[in-house]
Every structure is written in C-alpha cells, then in structure tokens.
Amino acid sequence: MTTLAPETPLTISTSRAPLSSGHLPRWAPWALLGVSLLIAAAPFGLSAAASGSEFNIAGSLIVGALLYLVIIYVTSRIVEGSRKALDRFVTGIVTSAFLIAMVPLVSVGWTVISNGIARIDPLFFNSSMRGVLGEGGGALHAIIGTLMVTLAATVISVPIGLMTAVYLIEYGQGTRMSRIITFLVDVMTGIPSIVAGLFAYAVFALIFGPGVRMGIMGSVALSVLMIPVVVRSTEEMLRLVPNDLREASYALGVPKWLTIVKVVLPTSIAGITTGIMLAVSRVIGETAPLLLTAGFTDAMNYNLFSGRMQTLPVFTYSQYAYQGIPAEAYVDRAWASALTLIVIVMVLNLVARFVARVFAPKTGR
C-alpha cells in the first residue's frame, strides 16, 4: 500500500527586496530629483517673498540639478556600488547638458512664436509694403525674394559642392590638387558672411558698375557660404559608402563614372540631402551679405537679374531698425517675419527628410 506524502502548501511572498539588495527602485531617481528641486527652490522662494521680487526659476533649476547630481551619486554608491554610482552621475551630467542646450532653443522659439503670432494673418501673406505707412502691409515680396534667392544659391552651390566632393573622394585621394582643394574648402568654411557679400558685390560692380543691386548677387554671395558646407557633408557621406559596393560594380565591368552615379551617390543620398539642407538653413537667415547685394525694397520683384529684391532677414532688420508711427506695427511685422522664416526652414527640413526617405536605398528582407 502506497502512502501519499502530504502536499506542501503553496506560499506567495509579498515582501519587497530591500534597498540593500544592490538596486535602486525605478522611482528613486525621479523622487531624488523632486526632492533636490524642492530643497533648491526653498531658499529662492523665501528670498523672493522677503524682497518682493520674482522667483528665480533658472537659479533654482541650476542649484537643484547640481544638488541632484550629488545626492544620486552618494545614494547610488551606498546602495549599488561605485561603478553604478559613477554611471548614474555621468548620465545625470549628460542629461543636464542636453537640457541646458535646449534652453536657448526653447526660449527663442517661444519668444518668436509669442511675439509673431499676433501679426500672422492673410494680409501679411498676400500683400507687400508698397505704399504702406504705419499699420497694415505684409511680407509677400520678402517671402518670394527669400525663396528665389535661396533657390538660385542652391542651384549654384549644390552641383559645384557635389562634384568637388566626388573628385576628392573618388579621383583625387592623395594628390596635391586634392590637398589644395581641401585647404581652400577649410578656409572658405570660416569666411564671415559679410566677406562673401563684399566678394559678390565686387564681382558685379566690375561688370555693371558701382551701386548695382540684384537678387542674383545675393544668390552668388550665399552660394559662397553654402559650397564648403555641401562639400564637407557630401565628402563625409561618400566616405561611409563601403568599398565592397564599388569593387562589386567594377567586377561586373561597370565604368567608374557609372558606378559613382548608380551605386555611390544613391547609397549616400540620404546623408547628402541632409547636408544640403544644413547648408540651406545656414544661409537662409543671412542678413549682412544680402544688404550689400540684393538691397531692400517695398515692392514685388520676380526678376533675379533686375532691380533690388527684398528678403525676409533684411525685411526683419529694416522693420525693426527703421520704425515709423506707430512703432508697434513695425515691431509686430518684424516678429512675424522672423516666425515665417523659422517656419520656412522647418518645412524645408521636413521636405528634405521625406526626399531622403523616398530615395534612400531600400533594404531587403
């Protein structure tokens, strides 16, 4: 006869692991951050209440972040050990640096939006400043001028920059000519924008005489600033293309120029497009070279090769610098123009990302 052993009752432990187990709970860093901010805000709040001044938000955040780094390091060292404590400390420093870098961006964006949104209306986008004194008017002539001047500068600089980068990577590696070109590109990268404007003005003044102002002059000045950015970005993207792709194409008997066109450039098109948009964003907000070359006007001008042409950066500068009566109307137009310029740059970057996604090489399964 077999005797069955009594069953052992199943017990479920509901006790939590103690802090000495070597791991901080997930909520611990956030809780320590909140405590640090409260401790840092206390003296600033008491000081503001005693003096009747405003609460110093920036100072409390900075002190709270520094206090958090000390607390999280000490707490993690006690519970988790020195390696994990150092990891949390460095993570806190990197996160703080990122947030500090975001402060100017958020501040500028909020300031421009809050001040420029009041003047964003249909009149601002469908009329110019011709015959307008005081309130009213719009920036249609500046928007058209910005798009035309920037487009012409892109048409000039992108082919030159692409072909220069292709020569440096595919044909001229190690040659004396490539070293000279690389040196000149490095020098052009640091050229002040006003120097590019003076160069374009001098070139056209020698041909058409002093005092000439045309939209194409601004495009030439901006292309001088765009070319080194396009060359550098394209050069780095072409370097990332594996040599195995080139060698496989050569093994099939494909000529070098066709390999570059059909293999190398399509493989790096996403990065090249991003570099081109960085170059466009670099120059679309330039004011000094356009003041010298394109000038400013209150009327529409669709001809790059005849007459002055207004652009959004120059329009913003002129509206703020030469205020009339009432001054608020001119300041509002300046803020709205700056906001429009930011939106144009954002739209161009979104379009560039879409183009890069569409034309990027498709990955197989």
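Please refer to the structure placed before this passage.
Everything numeric here is computed off the predicted structure, so don't read it as measured data. (Residues numbered from 1 in each chain as written. Predicted model: local features only at pLDDT ≥ 70, side-chain atom pairs only at ≥ 80, totals over all residues. Heavy atoms only, no water.)

Participant: Explain the side chain of Thr316 to me, please; I cannot follow it from the model alone.
Facilitator: Summarising the element assignment, Thr316 is placed in helix H13 (residues 312-321). Looking at Thr316, its side chain comes within polar contact range of the main-chain oxygen of Leu312, at 2.8 Å. Beyond its immediate chain neighbours, meaning those up to four positions away, Thr316 contacts Ala334, Ser337 and Ala338. (Helix = DSSP H or I, 4+ residues; strand = E, 2+ residues; numbered from the N terminus. Polar contact = N/O pair within 3.5 Å; in protein donor to acceptor, adjacent residues only side chain to side chain. Contact = heavy atoms within 4.5 Å.)

Participant: Sorry, what's going on with the pattern of salt bridges here?
Facilitator: Once the charged atoms of two side chains with opposite charge are near each other, the side chains can pair. Within this structure, the stated rule accounts for 8 salt bridges. For the salt bridge of Glu235 with Arg232, the shortest nitrogen-to-oxygen distance reads 2.9 Å. Highlighted residues: Glu235 and Arg232, both in helix H8 (residues 215-239), separated by 3 residues, approximately one helical turn. Accessibility expressed as a relative area gives 3% for Glu235, which makes it buried. The salt bridge partner of Arg282 is Glu286, with a shortest N-O separation of 2.5 Å. Residue Arg282 is classed as partly exposed on the basis of its relative accessible area of 32%. Via salt bridges that share partners, Asp186, Arg232, Glu235, Glu236 and Arg239 belong to a single interconnected network. (Salt bridge = Lys/Arg side-chain N within 4 Å of Asp/Glu carboxyl O. Buried < 20%, exposed > 50% of the residue type's maximum accessible area, 1.4 Å probe, protein only.)

None of the figures reported here should be taken as evidence of function without further support.
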